[in-house]
Amino acid sequence: MPALTDTKIRNAKPGDKPIILNDGNGLYLEVRPTGAKIWRYRYWLTPEKDGRYTIGEYPSVSLSEARRERERLRELVKQGINPTHEKKAEKIRQANERANTFEAVAREWLEKKKEAWTPYYHKQATRCIEQNAFPKIGRLPIRSVTAAHLLEILQAMERRGAETYALQLRQWCSAIFRHAVVTLRADADPAAALKGAIHRPKVNHSKPMSAEQIADFKARLTKYGGNRTTVIALRMMLYTFVRTVELRKAAWAEFDLDAAEWRIPPERMKKRRLHVVPLARQVIALLDELKRITGSGQWLFPNFRRPGDVMSATTINRALEHMGYASGLWTGHDFRATASTQLHEMGFRTEVIELQLAHVEDNKTKAAYNHAEHLAQRREMMQAWADWIDSIPELDTGSTLRLPSPAVQDVEE
């Protein structure tokens, strides 16, 4: 029987019943009464029973393309593989690949991290991955993502000055690939090969404030004419040296004023551990005043523009700018560095200071100390710290310090 030609196929007219036009070696064109022309392949895996495989519709699938597909299917049959079963398996594989894109696996990993991370850190990681990785590789099957894909993303971030976030993104991507490996959706971690590809920027560490700088800060805060709750927040940061985000999100339920304790729950701490802050008399006085202002609500420092939310970091930053401090000049980290430096000079033990700073213990000696055992020493220390702050006289209202150049921008930890 002569092989088909495009002319013969185009001229084939539909009838009342399907018309079969054979091309040879199992390939034929089925002209249906509707006018549709469907390529099909007939095969035998056993002499007793044949099978039919639909290749596609003419002219979307041309004659030459149908013949190439026929040869591929013939090779499968020679190997004893059922083409129809193979097609179904391929559809399943493709569906699995679509379900196992980099974005799908990344979001699954991010969801698992919700319990281990603070909400702020989880939001930070999610936003960085969404903005940098997803647009480039989000839709790719995770098995097909290569080190070259990732390097292009990291280098683009480095060029725009986001080296620190690029370093974090590489680490997060590496963790995502490791999660994919252990769940059998990837074979390796291409991000691991890129360790060292981005140069770590020089770190500007927090600088402790001198007594004269604290005197200047106190004077500027006294003259600041903004919202009283913002003033109290800044004073509490100085007295308690907690992280900015821990203070902004403080809830009244965390405070026991009779016991003079602030117990920050694990889910709000960077290291996911309960943190106890003994409250000096000066802090109790501030809280008594604040309670008359915001005590009827949930938060110590509510957001007056967005009911149900807390004071934003922007509020504190703007207050510092109004006090004459350029953006990033003084940060929450500087208050913590100041307390650490001064408390060491006052003779308090490193272990006690580190506990109050809520730093993670990095050796067995520090790990032996816990909050309960050293709470009495920490109470003494926090009161001594507040007394030292109060012992520094404010600068005369007519004089101010010449302020240094700004350090790094404040970042909530």
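Quantities reported herein were computed from a predicted structural model and do not represent experimental measurements.

*Asks:* I tried to follow the packing of helix α4 (residues 102–112) against helix α8 (residues 163–182) on my own but got confused; where do I start?
*Replies:* Relative placement of two packed helices is described by the angle separating their axes and the distance separating the axes. α8 packs onto α4 with a crossing angle of 100 degrees between their chain directions and a minimal axis gap of 9 Å. The pairing of α4 with α8 is recorded here as roughly perpendicular in orientation. Every residue of α8 that contacts α4 at Phe102, Val105, Ala106, Glu108, Trp109 and Lys112 is listed here: Trp172, Cys173, Ala175, Ile176, Phe177, His179 and Ala180. Tallied by class, residues from the contact of α4 with α8 come to ten nonpolar, one polar and two charged.

*Asks:* Would you mind showing me how to read the packing of aromatic side chains here?
*Replies:* Given two aromatic rings, their pairing is described by the distance between the two centres and the angle made by the two planes. Under the definition given, this model contains twelve aromatic pairs. Pairing tryptophan 39 with tyrosine 58 gives two aromatic rings, centres 6.3 Å apart and planes at 75 degrees, and the pair type is edge-to-face. Placement of the pair is tryptophan 39 in strand β3 (residues 37–46) and tyrosine 58 in strand β4 (residues 49–58), with a sequence separation of 19 residues. There is no split in this pair, since tryptophan 39 and tyrosine 58 are both buried. Site record: aromatic cluster; members linked through ring pairs are Trp109, Trp117, Tyr121 and Trp172. Lysine 87 extends its terminal NZ or CZ atom over the ring of tyrosine 53, reaching a point 4.9 Å from the ring centre.

*Asks:* Where do I start with the sheet that holds strand β6 (residues 261–264) in this structure?
*Replies:* The strands making up a sheet associate through hydrogen bonds between their backbones, and the pairing can be parallel or antiparallel. Taken in spatial order, the three strands make up an open sheet running β5-β6-β7, and their pairing is antiparallel. Looking along the sheet, the strands with just one partner apiece sit at the ends: β5 (255–256) and β7 (275–278). Bridging between β6 and β7 involves four bridges; their strand directions are antiparallel. Across the sheet, residue glutamate 261 finds its bridge partner in β7, namely proline 278. Packed onto the sheet, helix α17 (residues 375–391) meets β6 and β7 and runs at close to 45 degrees relative to β7.

Reading the values: the criteria
Residues numbered from 1 in each chain as written. Predicted model: local features only at pLDDT ≥ 70, side-chain atom pairs only at ≥ 80, totals over all residues. Heavy atoms only, no water. Axes fitted to C-alpha atoms, helices over the stretch in contact; angles between N-to-C directions. Helix = DSSP H or I, 4+ residues; strand = E, 2+ residues; numbered from the N terminus. Parallel < 35°, antiparallel > 145°, perpendicular 65-115°, else oblique. Contact = heavy atoms within 4.5 Å. Nonpolar A, V, L, I, M, F, W, Y, C, P; charged D, E, K, R; others polar. Phe/Tyr/Trp six-rings, centres within 6.5 Å; stacked < 30°, edge-to-face > 60°. Buried < 20%, exposed > 50% of the residue type's maximum accessible area, 1.4 Å probe, protein only. Lys NZ or Arg CZ within 6 Å of the ring centre and 35° of its normal. Pairing = 2+ DSSP bridges.

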